[in-house]
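Results of the structural survey
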Amino acid sequence: CRMTNSKGFDGEAFYAALAQVVDERNVSWKQVAESTGVSASTLTRMAQGRKPDAASLASLSAWSGLNPADFVEGVETAPK
């Protein structure tokens, strides 16, 4: 269950965006697992709402071009 005004990483939104990239590239989740080194079971857990570990997040972000910072809510970012 999701609380409003919660801080932290929104794993569900990241997974939804990742799923869109997978769709656009017309690849299977098995191919994502092979390309990123992230296990299929980790991808399945993410589909069920679990957050990825840091290494998985880094690999999936690099593969997809998604910026994990875009999925962090309620945290002030440092000025550029």
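The model shown is predicted, which means the values in this text are computed figures rather than measured ones.

**What about helix H2 (residues 29–36)?**
Helical geometry note: an α-helix holds 3.6 residues per turn, so side chains three or four residues apart project in the same direction. Val32, Ala33 and Thr36 are the residues of H2 that are buried. Looking down the long axis of H2, one finds its buried residues gathered within 100 degrees of arc, a one-sided arrangement. Opposite the buried face of H2, by more than 90 degrees, sit the exposed residues Lys30, Glu34 and Ser35. As for H2, its buried residues are in contact with helix H1 (11–25), helix H3 (40–47) and helix H4 (54–64). Gly37 sits one or two residues past H2 and shows a positive phi near 80 degrees.

**A word on H1**
Taking 1.5 Å per residue, 15 residues should reach 21 Å; H1 reaches 21 Å between its end C-alpha atoms and fits that length. Within the sequence span of H1, burial applies to Gly11, Phe14, Tyr15, Ala17, Leu18, Val21 and Val22. Within H1, the buried residues cover an arc of 165 degrees as seen down the axis, which keeps them to one side. For H1, exposure combined with an orientation more than 90 degrees from the buried face picks out Asp23 and Glu24. At the N-terminal end of H1, a side-chain oxygen is found 3.3 Å from the backbone nitrogen of Glu12, two or three residues along, and the residue is Asp10. Of the residues one or two after H1, Asn26 is the one with positive phi, at around 55 degrees.

So, how was this worked out
- Residues numbered from 1 in each chain as written.
- Predicted model: local features only at pLDDT ≥ 70, side-chain atom pairs only at ≥ 80, totals over all residues.
- Heavy atoms only, no water.
- Buried < 20%, exposed > 50% of the residue type's maximum accessible area, 1.4 Å probe, protein only.
- Helix = DSSP H or I, 4+ residues; strand = E, 2+ residues; numbered from the N terminus.
- Arc of directions from axis to C-beta.
- Contact = heavy atoms within 4.5 Å.
- Expected span 1.5 Å × (residues − 1).
- Polar contact = N/O pair within 3.5 Å; in protein donor to acceptor, adjacent residues only side chain to side chain.

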